[in-house]
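Residue-level structural notes
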Amino acid sequence: MPETQSQPLLDPQFLARLEQLELVSRKIFMGRMKGERRSKRKGQSVEFADYRNYVIGDDLRHLDWNLFARLERLFIRLFLEEEDLHVYILIDNSLSMDFGKPTKLHFAKQVAAALGFIGLVNLDRVVLEAFNDKLTQSLPAVRGRRSVWRLMDFLQKLEPAGPSDLKKALRTFSLKCSGKGIVVLLSDFMDKRGCEDALRYLIARQMDIYAIQILSQEEIEPELVGDLQLTDIEDQDVADVTVSGPLLKRYKQNLAAYRASLYEFCARRGVSYLFTSNQVPFERLIFSFLRQRGLVK
């Protein structure tokens, strides 16, 4: 798909398929307003759940007088409350994401568009945050199908910029975010400072976290050879290297070790980690991989 702002991120046929899905949280979170999701928390909706004994201060409107007439005891009717789900989608738009064909950023934007659309059509609250070494752009909480155009417009206009500092950006987000819910983190996780301390900020907030690492095929299987001067796109750090077979083998081993350590860190802390290439059709990521992980159904 050409990476132009005039080209939609998702085609209408794919959107129609997404309407059959919904996002699923492994945890129950208290929403700020009533939505369509059934909560285990007792509230004041229309579906009866249980009784409890009346105590002074309870709302008399919820007394069951028929039960009082039979038992001569006061009981309060309890109801299942329905809640909205908060969905936070965090997109790394640092300069390192502007690599590959399609770029890692474009791939991340398509995944964010698909998940955001699923959330909106199911009346979830959807929040988008773009970040590099700070939160760069924000789409405050939107809800409902009428907000789809705002979601797509935000993503279409998102451009790569600045260096990455995952720890600093996620710390800012964790302090800014007032609610709890699902967090989908889309990044290449290529941060020289590491990612574990950054993820701890989300873990401390007891979020339902999905970390999706996106790399380009050129990063996974580089085809470089000879004497080269490599420049870091974010901090302009320069390295003169001679690329040989043994060096490429060591590079792949280091990348595999880094992915394995990130997976192990996430698995031990209840974070769902998923690795993908920009060559994997993002439709498969949504309909297959994320279904297997339990994020969508």
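Summarised in this report is the structure supplied together with it.

Cut-off values and rules
- Residues numbered from 1 in each chain as written.
- Predicted model: local features only at pLDDT ≥ 70, side-chain atom pairs only at ≥ 80, totals over all residues.
- Heavy atoms only, no water.
- Helix = DSSP H or I, 4+ residues; strand = E, 2+ residues; numbered from the N terminus.
- Contact = heavy atoms within 4.5 Å.
- Areas by Shrake-Rupley, 256 points an atom, 1.4 Å probe, with all protein chains shown as cover.
- Pairing = 2+ DSSP bridges.
- Axes fitted to C-alpha atoms, helices over the stretch in contact; angles between N-to-C directions.
- Expected span 1.5 Å × (residues − 1).
- Buried < 20%, exposed > 50% of the residue type's maximum accessible area, 1.4 Å probe, protein only.
- Patch = residues over 30% accessible without salt bridge, like charges linked within 9 Å, V, L, I, M, F, W, Y side chains within 5 Å.
- Salt bridge = Lys/Arg side-chain N within 4 Å of Asp/Glu carboxyl O.
- Core = buried A, V, L, I, M, F, W, Y, C linked by side-chain atoms within 4.5 Å.
- Polar contact = N/O pair within 3.5 Å; in protein donor to acceptor, adjacent residues only side chain to side chain.

To continue, consider the overall build of the protein chain. Scanning the protein chain for helices and strands turns up 9 helices and 11 strands. A separation of at least 24 residues holds for 76% of the contacts in the protein chain among residues at least 6 apart in sequence. In the structure as shown, the protein chain presents an accessible area of about 15,600 Å², 52% of it carried by carbon and sulfur atoms.

Attention shifts here to the sheet that holds strand E4 (residues 86–92). Strand order in the open sheet formed by 6 strands is E6-E5-E4-E7-E8-E11, and the pairing between neighbours is mixed. Because the sheet does not close on itself, it has two edges, and the strands there are strand E6 (135–143) and strand E11 (272–277). This sheet shows a mean twist of 15 degrees between the axes of neighbouring strands, independent of strand direction. Pairing of strand E5 (residues 125–131) with E6, which is carried by 6 bridges, proceeds in the antiparallel orientation. Bridge pairing in E6 links Leu128 to Leu139. Across the sheet, helix H9 (residues 282–293) is in contact with strand E8 (208–215) and E11; its angle to E11 comes to roughly 155 degrees.

This part is about the environment of Thr242. Note that Thr242 resides in strand E10 (residues 238–243). With 16 residues separating them in the primary sequence, Thr242 and Gly226 have C-alpha atoms 5.4 Å apart. Ignoring any residue separated from it by four or fewer positions in sequence, one finds Thr242 in contact with Gly226, Asp227 and Leu247.

For helix H3 (residues 104–121), which comprises 18 residues, the first-to-last C-alpha distance of 26 Å matches the rise-based estimate of 26 Å (1.5 Å per residue) to within 8%. When you tally the buried positions in H3, you get 18 out of 18 residues, the bulk of the element. Following H3 by one or two positions, Leu123 adopts a phi angle in the positive range, close to 65 degrees.

Residues Trp65, Phe68 and Leu74 make up a contiguous nonpolar surface patch of about 290 Å² in total accessible area. By secondary structure assignment, the location of Trp65 is in helix H2 (residues 65–71).

Let us look at the nonpolar core. Grouped together as the largest cluster of nonpolar side chains are 49 residues, with contacts concentrated most on Leu10, Leu18, Leu115, Leu186 and Ile286. The leading source of residues in this core is H3, at 12 residues. When sequence neighbours within four positions are dropped, the list of residues in contact with Leu186 reads Ile89, Leu90, Ile91, Asp92, Ala108, Val111, Ala112, Ile212 and Ile214.

The next subject is helix H8 (residues 245–268). Between the first and last C-alpha of H8 there are 35 Å, a value that for 24 residues agrees with the 34 Å anticipated at 1.5 Å per step. Those residues of H8 not exposed but buried are Leu248, Leu255, Leu262, Phe265 and Cys266. Here the buried face of H8 lies against helix H6 (196–204), E8, helix H7 (217–220), E10 and E11. Of the residues flanking the end of H8, it is Gly270, one or two places downstream, whose phi is positive at about 75 degrees.

Scanning all chains against the criterion turns up 12 salt bridges. The residue Lys104 makes a salt bridge to Asp188 at a minimum N-O spacing of 2.9 Å. Placement of Lys104 in helix H3 and of Asp188 in the loop between strand E7 (182–187) and H6 is noted, with a sequence separation of 84 residues between them. Here Lys104 matches Asp188 in class, with each residue buried. When salt bridges with common partners are traced through the structure, they connect Lys104, Asp188 and Glu219 into a single cluster.

Glancing now at the side chain of Asp64. Its location among the elements puts Asp64 in the loop between strand E2 (47–53) and H2. With a relative accessible area of 9%, Asp64 lands in the buried category. At a separation of 2.9 Å, a polar atom in the side chain of Asp64 contacts the main-chain amide nitrogen of Leu67.

Turning next to the pairing of E5. In terms of residue burial, E5 counts as a mostly covered element, since 7 of its 7 residues are buried. Of the two faces of E5, the one carrying Arg125, Val127, Glu129 and Phe131 and the one carrying Val126, Leu128 and Ala130 are both buried. Here E4 pairs with E5 via 7 bridges, running parallel. Its bridge partner lying in E5, His86 is registered against Arg125.

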